[in-house]
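# Structural overview
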Amino acid sequence: MPKFVLDGIEIEFTQGQTIMEAAKAKGITIPHFCWHPELSISGNCRVCLVEVEKMPKLVIACSTLASDGMVVFADSDKAVSARNAVMEFLLINHPLDCPICDEAGECKLQDYAYSHSTGESRFVEEKVHKPKRVPLGPRVMFDAERCISCSRCIRFCDEIAKDPELTFVKRGDRVTIETYPGRELDNPYSMNVVDICPVGALTSRDFRFKARVWELSSTKSVCYGCARGCNTEIWVRNNEVLRLTPRYNKDVNSYWMCDHGRINTFKFVNDPSRVDGPFMRHNDNLIRAGWDEALSKAVSVLKHYTKEEIGFIASPYATCEDNFLFAQFAKNVIGSKHIDFMRHYDHSFGDDFLKQDDISPNSKGVELVGAVPGKGGLNFDGIMAAIKSGRIKALYILEDDIVSANPEFGKILSKLDLLIVHATNFNKTTDLAEFVFPASTYTARNGIFVNFQGRAQRIRPAASTIEQDRSLDGMSLSRLDKFGTQYDSWATGNKRDARSSWKILQALMQLYGIKQKYSLAEDVFLDIAKNIKTFHGLNYEIIGDQGSLLNLVVPETAVKV
Amino acid sequence: MNLRRRKKDLTFWERIYIPEIIKGLALTLRTMFKPKFTVEYPEVKFIPPASYRGRPVLVMEENGKERCVACGLCARVCPPLAIEVQAAETQDEKERYPVKFEINMIRCIFCGFCEEVCPEEAIVMSKDYELSFSSREEALYGKDKLLTPIKQVQDRIDFLRHYK
Amino acid sequence: MTILQLIAFTAVKILVIFTMMMLTVSYLVYFERKISAWAQNRLGPNRVGWFGLLQPFADVFKLALKEDIVPTNANKTIHTLAPMIALFVAFTTYAVIPFGPDVTMFGITVPLVVADVNIGILYVLALSSLGVYAITLAGWSSGSKYSLLGGIRSSAQMISYEISMGFSVGGVLLFAGSLRPVAIVQAQQGWMWNAVLQPIGFITFLVSAFAETNRLPFDLPEAEPELVGGFHTEYSSMKFAGFFLAEYANMIIASALIVTLYLGGWQFPYIESFGLPAGLVAIIQVLTFLVKIAFLLFFFIWVRWSIPRFRYDQLMNLGWKVMFPLSLINIIWVACLIMIFNL
C-alpha cells in the first residue's frame, strides 16, 4: 500500500484518498471547518492548510490527494502560522456573541480559537453588521454575522437532501447565505444543517435558548419516529428531554436524521398528559391507585374471564423485552391465542432516503419475539371483529393508542367489559380503559428495537423515573445530576411514577403464581436470546452502540390466521 | 567551639521567665485601656468598602430590565452549583434573557466567581451581608430579590473595572 | 457566749459568706469576660442589663435550661457525684479563712471567721487535695478518652504542685508558729507581710495556687485545643455549671489564702496608729481584705489572658525541678532569718 508521512507518522492510504481522509482513517484529525466526510469537497475555509515537502506553497489537506512518499507537516511553523492567520481572518468579523449563542460549548470555531489561534485580535475597526435572527425556514434560524461561509449547509441541501434551497449572495465580507427567492429551508431533513454548521449561524428554533449544552447529559438511543431507527443521542437536563441529535451509524442513518424524528418524537415525554402512577376506573373517572392495589385488582378482574374471552394487543412502540413478556403472559399464563399488534403505516411519510412508511419503531421486533397469534388464534382484525360480536369481552393493550390511530376502534372498544392499558400518556384509548398502568417512555428504559432492516438496536434510559437513580442505574450524568441533592429542584424534577412494561407484566405474572426473577431488561433479553432462534448468541454488549443485523428466518410463530 | 545562637536558645533573663511574664502582663494591661474596635452591630452598621463580597445581585439597567443574557457561565463556574439560570427569547436587541434566575443562598459561598466570569457585568457582589432564612425555600433568591438598580452597585462595578 | 449564740452567729456568717461567694463567682465570670474583651480590644458582654451586668444571670438561666446529657458509657453515680464534690470542697474550704478581726457586737466578741480552728492550714491543704478527686472522678466516670486524659493530667498536676505548695506554707508556719489562720494573720503586723519577708515562698505559693485551681497557664486538665474540654467534656447543664462554679470558687479561695498567708490578711498596715474608733477599724479591715482579694482575682484573670498554656512536660519540669527546690530554699531562707534576727 502506498504511504505518506504526516508529522513523522507513516500513514497508509488507498489511491484517490485525500490527506484529510487518510489521516482521519488513522485517527488523526487535521483542523477543518468546511470539509465533511459525507459532503463534496469545497475547500474554502483554508484552515486545513498543511505544508508538503517540495511544494512551493501550503496546500489544503481536504482536497489534496495523497501520493506515495509525500511528506506532510500539519504542525510545522509555516503550517501553524498559516492556521493562526486563517483563524484571525475568520474571527475578524465574527461577533463576540458566545454568551448568547446556542452553539457555545459545541462550537468548532470556539474550540479552534482555543487550540489553533494566537488568542489576540489586532482588528480594532467596527465589525461588519449583517442581519441576525433570520428565520430561514420553519425549524432553522440564521444569524448572518456568525456565519464563516463554509457552505456546508448549501452542499447538504444540494447533495444529501436533494432539495437546493440555500445559496451564497454578495461578495467579500458582505457574503451571506439566503434561500432562493420564494423558497424557504423546509425540506424534511433541514435541521441537519444545524448539526453540521461549525458555528452558531444556523440554530434550531425548537431548541433555541432552552439550555446550555454543557448542562445536558447525552445518552445513546434510537429514534422512535419510524422503522428506520436512526441512531440518536438524547439530550436531557433535569430528567427533561430537550433535544435529539443523530448519531453516526453508517448502515442505518450515516450522520443524518429527519426533522420529524428530531422534533416530534420526544415532546410526549415532557407532556403534562403523562400517566403518573397506576389508575383505576371508579364511577367513570380514572382514579390514582397504589401499585399493589391496582395489580391485584386487575388480576382478580381478569380471572372472571375465560381464556377465549381475553384478547391481547401487543405494541410496535414497546421494546422487544416488553412484547416478549407480553406474549408469555398471554400465551403461557392466560392461555389465550388471541394476540396480535396493530401495524402503523403512513404511506405519505416514507421517502427514498431515511423515512419509512412503517411509522412505529419496532414492528419487526414484535413479530420476532412472538407477539403474534398462536395456532387458531385471532389476528388484530379478528380480535376487533370478535369484540364487536361479543366473543372477546376483555382486552389487554400494551402501549398503543389504537383509538387515535383509527377512531372507529373507539366504538368497538367501548363494547368491552374490561380494558387494561399500558400507556405513557393519557389518550383516547385510556379514556375507555378500566385500568391504566403507567409505562415509562422509551427515553427512560433499556431495551431493543428491531428496525426494518432487521437490525437489533439498543435504547438506553436517558430521563429517569422515580424508581431510577441516575448514578446507581448507570445512566449518563450531567454535572447537575452528579452533584444535585434531593433539595435541588434542578436535579430532581420531572420524575414520574412509571415502569417499563415488562416490569409491570412481571408483577402481574407473580400474582398468577409464576416466579420470574428478571431484575434487569437485559435478563429478559437473555431469555429472548435463549428461546428465540433469531436472537441466538446476542446480548446487550454484542449489540452495542451500532446494533447487530439479525439472521432473519421467517419465525414459525409468524403464521397468520 | 563556637555554636551559633539559635532563635529558640534563651538568654539568662529569658530563662528566669519572670521578667518575660511581667512584660507580657504589662502588654495586656496596656491593651486594656486602648480604644476598642467593636462595632455594636444592630445599632451601628458596618458599611463595607467596594471590594467587599456580599450576596450576589443582578444589575438592573435604568430601563428596569436586567443586563443578564442568561449565558449560564455563572452557573457553570459556580463551585457549589448555587446558581440556576433558564434562558428564553426576548425581542430586545440582546435576544435572550433569563426567564428564571435563581441563587440558592444556602449553597452560595460568596466566592465571587460569578461576577468574575460574567461577560456582561450583569452579576456583581453587593454589600448586603444580612442574610437569614427559616426554610430552604426562603433561601432561593429569584429575580425579584436579585435585581438591583445599577446605581446601588455602581461603586462595585467601578472597582471591578479598575482591578479585574 | 452560749452555744445557741455560737450556732446563730455561725449560721449568719455561713449565710453571708455563701451568698457573697455565689455573687462573687457569678460576677467573676462577668469580669473574666469583660477583662478578656478589654485585653483584646473588644467591649465584652454589654447586652443584658446596663453594661451587661445581668449577663451572669442569663448565663445561669441558659445553663439551667440545657439538656442534662449523661453518656451511655458513663458511671452514672460517680458522674453525678463528681461536680458535687467539686462544689462541696470549694465552699467548705472557706470556713477557716478569717476575713476580719474579732468584733464586739452587743457585748459579744465575734471572730470574723466561720471556724477558728487551730489546724486551719492543714484543713485547707487537706480539702484542696480532696478537690482533685472531683476532677479525676469526673474524667474517669465520663467514659470518654478526652475526659480520662484530662482527669489523669489533673491528678498528676495537683500532686506535683501540692508538694511545693506545702513546703511554701512551711515557711509561713515557721514565722507564725501556729497553724491557726487567725494567728498567721496576726503575725504579719505592719509591713511584716510574708510576701515581703519570703518573696521566693510567695512566688512558689502563687504559682502552685494557679496550678491547684487549674487556671491558665496551668489549665491542662481542660486544654480545649487537645482534649475538647478535658474532664468536663461530657458534662452539660447544671452539672457543668457545678464545675464552672467550683473553678471560680476555687479562685476566690486561692486568693483568700494568698492574702491570709502572704499579704497580711485583713490587716491594714499601721491602722492602730490613726486612732480611729474600733468599729470603723473593723470595717476598714474587712474592706482591706476584700480589696486585696479583688486585686488577686484580677491578677488571676489578667494572667489567664496574657500567658499561654504550658506543655505537659514543661508543667512537670517546672513543678519538680523549679518549684520544689525553690520552696525548699525558701524554708532554709526563713530558718536563717529566724535564726539571725531571732524573730
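All values derive from a computational prediction rather than experimental measurement. (Residues numbered from 1 in each chain as written. Chains lettered and ligands numbered in written order. Predicted model: local features only at pLDDT ≥ 70, side-chain atom pairs only at ≥ 80, totals over all residues. Heavy atoms only, no water.)

Another point: the interface of chain C and chain B. Contacts between the two partners involve 17 residues from chain C, matched on the other side by 18 residues from chain B. A combined buried area of about 1500 Å² lies between chain C and chain B, and 68% of that area is made up of carbon and sulfur atoms. The partner of C:Arg47 in a salt bridge is B:Glu40, with the nearest N and O atoms 3.5 Å apart. Linking chain C to chain B there are seven residue pairs in polar contact (both at pLDDT 80 or more). For the side of chain C that touches chain B, the secondary-structure elements that each account for two or more residues are α1 (3–39) and α11 (278–304) of chain C. Counting residues per element, the side of chain C that touches chain B draws most heavily on α11(C), at four residues. (Contact = heavy atoms within 4.5 Å. Buried area = accessible area lost by both parts, 1.4 Å probe. Salt bridge = Lys/Arg side-chain N within 4 Å of Asp/Glu carboxyl O. Polar contact = N/O pair within 3.5 Å; in protein donor to acceptor, adjacent residues only side chain to side chain. Helix = DSSP H or I, 4+ residues; strand = E, 2+ residues; numbered from the N terminus.)

This part takes up helix α2 (residues 18–32) of chain B. Taking 1.5 Å of rise per residue, the 15 residues of α2(B) would be expected to cover 21 Å, and the 21 Å separating its terminal C-alpha atoms lies within 8% of that figure. Regarding α2(B), the residues found buried are B:Leu25, B:Thr28, B:Thr31 and B:Met32. Buried residues along α2(B) cover an arc of 120 degrees about the axis, so they all sit on one side. For α2(B), exposure combined with an orientation more than 90 degrees from the buried face picks out B:Ile22 and B:Lys23. Buried residues along α2(B) sit against α1 and α11 of chain C. (Expected span 1.5 Å × (residues − 1). Buried < 20%, exposed > 50% of the residue type's maximum accessible area, 1.4 Å probe, protein only. Arc of directions from axis to C-beta.)

All names here are of chain C. With their axes 10 Å apart at the nearest point, α1 and α11 run at an angle of 40 degrees to one another. For the element pair α1 / α11, the angle class is oblique. In the crossing of α1 with α11, the sense of the turn from one axis to the other is right-handed. Of the residues in α11, those touching α1 at Thr24, Leu28, Phe31, Glu32 and Ile35 are Leu297, Phe298, Ile301 and Arg304. Split into classes, the residues belonging to the contact of α1 with α11 amount to six nonpolar, one polar and two charged. (Axes fitted to C-alpha atoms, helices over the stretch in contact; angles between N-to-C directions. Parallel < 35°, antiparallel > 145°, perpendicular 65-115°, else oblique. Left-handed = near helix turned anticlockwise from the far one by under 90°. Nonpolar A, V, L, I, M, F, W, Y, C, P; charged D, E, K, R; others polar.)

What follows concerns empty space enclosed by the protein. All names here are of chain C. On inspection of all chains with the given rule, the structure shows 10 cavities of 30 Å³ or more. Here the largest cavity defines a volume of roughly 360 Å³. Considering the residues around the largest cavity, the lining is formed by 27 residues, among which Ser128, Met158, Glu212, Thr213 and Asn250 are closest to the centre. Top element by residues in the lining of the largest cavity is helix α4 (residues 120–141). It accounts for eight residues. Residue composition of the lining of the largest cavity, by class: 18 nonpolar, six polar and three charged. (1 Å grid on protein atoms, 1.4 Å probe; cavity = no way out; pocket = protein on both sides within 12 Å on 5 of 7 lines; lining within 4 Å. Points joined across faces, edges and corners; volume = space filled by probe spheres on them.)

All names here are of chain A. Structurally, Leu58 can be placed in the loop between β3 (49–52) and β4 (59–60). Considering only alpha carbons, one finds Leu58 and Glu165, 107 residues apart in sequence, at a separation of 34 Å. Those residues in contact with Leu58 that lie beyond four places of it in its chain are Leu49, Val50, Glu51, Lys78, Ala79 and Ala82.

Before going further, it helps to examine the side chain of B:Glu66. Residues and elements named next belong to chain B. Along the chain, Glu66 falls in the loop between β1 (56–60) and α3 (73–77). In this structure the side chain of Glu66 is engaged in a polar contact, spanning 3.1 Å, whose partner is the side chain of Lys143. What Glu66 contacts, discounting residues up to four positions off in sequence, is Val59, Met60, Lys94, Tyr97, Pro98, Lys143 and Leu147.

All right, on to the interface of chain A and chain B then. With 23 residues of chain A at the contact, the number on the chain B side is 28 residues. Between chain A and chain B, the buried area comes to about 2000 Å², and carbon and sulfur atoms account for 46% of it. By the criterion of area lost to chain B, the three top residues of chain A are A:Arg133, A:Phe209 and A:Arg479, representing 33% of everything that side buries. Viewed at the interface, chain B and chain A are joined by six salt bridges. A salt bridge links B:Glu95 to A:Arg208; the nearest nitrogen and oxygen atoms lie 2.8 Å apart.

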